[in-house]
Amino acid sequence: MASDEVNEYDDERKNSTKMSSKINISERQRQTLIEVVEDICGEEVKQVTLVLLNSEEETTDEEISEKLDMRLNQVRKSLYKLYDLQLATFRRIRDKSTGWFVYFWILHPERIDFLVEKKQNEVLSKLKSRLEYEDSNMFFTCSNHECPRVIFQNAMDSNFICEKCGERLEAFDNEQLKTILNTKIVELEEIKKKTAQIVNKT
Ligand SMILES: [Zn+2]
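First, a word on scope: everything that follows refers to the structure included in this document.

### Regarding the pairing of strand β2 (residues 88-94)
Then step 1. Relative to strand β3 (residues 101-107), β2 is paired through 7 bridges, and the arrangement is antiparallel. In the sheet register, Arg 91 faces β3, and the bridge partner there is Phe 104.
Then step 2. Count of turn residues in the β2/β3 antiparallel hairpin: 6 residues, of which Gly 99 carries a positive phi of about 80°.

### Overview of the nonpolar core
Then step 1. Of all hydrophobic cores here, the largest spans 17 residues; its most connected members are Val 48, Leu 52, Leu 79, Leu 82, Leu 87, Ala 88 and Trp 105.
Then step 2. Elements with a minimum of two residues in this core: α2 (27-41), α3 (43-53), α5 (72-84), β2, β3 and α6 (112-135).
Then step 3. Aside from chain neighbours lying at most four places away, what touches Val 48 is Ile 64, Val 75, Ser 78 and Leu 79.
Then step 4. Ranked by size, the runner-up nonpolar core spans 5 residues in total, among them Val 150, Ala 155, Cys 162 and Leu 169.

### So, unusual backbone geometry
Then step 1. For Asp 69, which is not glycine, the phi torsion reads 55° and is therefore positive.
Then step 2. Positionally, Asp 69 belongs in the loop between α4 (61-68) and α5.
Then step 3. Not every positive phi belongs to a glycine, and Gln 86 is a case in point at roughly 65°.
Then step 4. By the secondary structure assignment, Gln 86 is in the loop between α5 and β2.

### A word on α3
Then step 1. Listed as buried for α3 are Val 45, Val 48, Thr 49 and Leu 52. Down the axis of α3, the buried set is contained in an arc of 105°. They therefore lie on one face.
Then step 2. In the core, the buried residues of α3 are packed alongside α2, β1 (59-60), α4, α5, β2 and β3.

### Remarks on the sheet that holds β1
Then step 1. The sheet built from 3 strands is open, its strands ordered β1-β3-β2 with antiparallel pairing. At either margin of the open sheet sits one strand with a lone partner, and together these are β1 and β2.
Then step 2. The strands touched by α3 within the sheet are β1, β2 and β3, with β3 carrying the most contacts at an inclination of about 85°.

### So, α6
Then step 1. Taking 1.5 Å of rise per residue, 24 residues should cover 34 Å, and α6 covers 35 Å from first to last C-alpha, within 8% of that figure.
Then step 2. Those residues of α6 that fall on the buried side of the exposure criterion are Ile 112, Asp 113 and Val 116.

How each quantity is defined
Residues numbered from 1 in each chain as written. Predicted model: local features only at pLDDT ≥ 70, side-chain atom pairs only at ≥ 80, totals over all residues. Pairing = 2+ DSSP bridges. Helix = DSSP H or I, 4+ residues; strand = E, 2+ residues; numbered from the N terminus. Core = buried A, V, L, I, M, F, W, Y, C linked by C-beta atoms within 7 Å. Buried ≥ 20, exposed ≤ 12 C-beta atoms within 10 Å, placed from the backbone. Contact = placed C-beta atoms within 7 Å. Arc of directions from axis to C-beta. Axes fitted to C-alpha atoms, helices over the stretch in contact; angles between N-to-C directions. Expected span 1.5 Å × (residues − 1).

In structure tokens form, the structure reads like this:
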């Protein structure tokens, strides 16, 4: 992380008293948070998340390192991953006696709902643009499965000869692929609707 990026999180009060980190979340949010973090970032980040989640107040990287018996570098890496996901933030205080910065970390478990929604929208948008690409192109392929599929313009440019193996290019029917994409889009939209209902209930 760039040092100027850190500056905006400097605590103006220069207060080294820890602030409370208690945020009420539902059991469903807690479970989702743990599952998503493990899924995206792996076991170590999950362990760090659990320490923050169970802490009543802000926690320093050193405290987490001691609690988990995990190397400080590893803890910091995990914390920055949570920071990138916007699930954790920090403030830093210069320790008057040592001159070093101390980082106080806090988890924002309630943000998991936004993260899940964001991820769903990303996947959905990818699926939709893929379907549009399949819809708006004609494809050609040779009989070798290792050779790439080409769009009409490229097939014409190569006189309908596969540029990789030299075989003839034939029209490729992508109806089945489009059906699969369509099904996935409908399924994900269903899941999105259900997720939104669950989120609004809590
Ligand atoms: Zn080929």
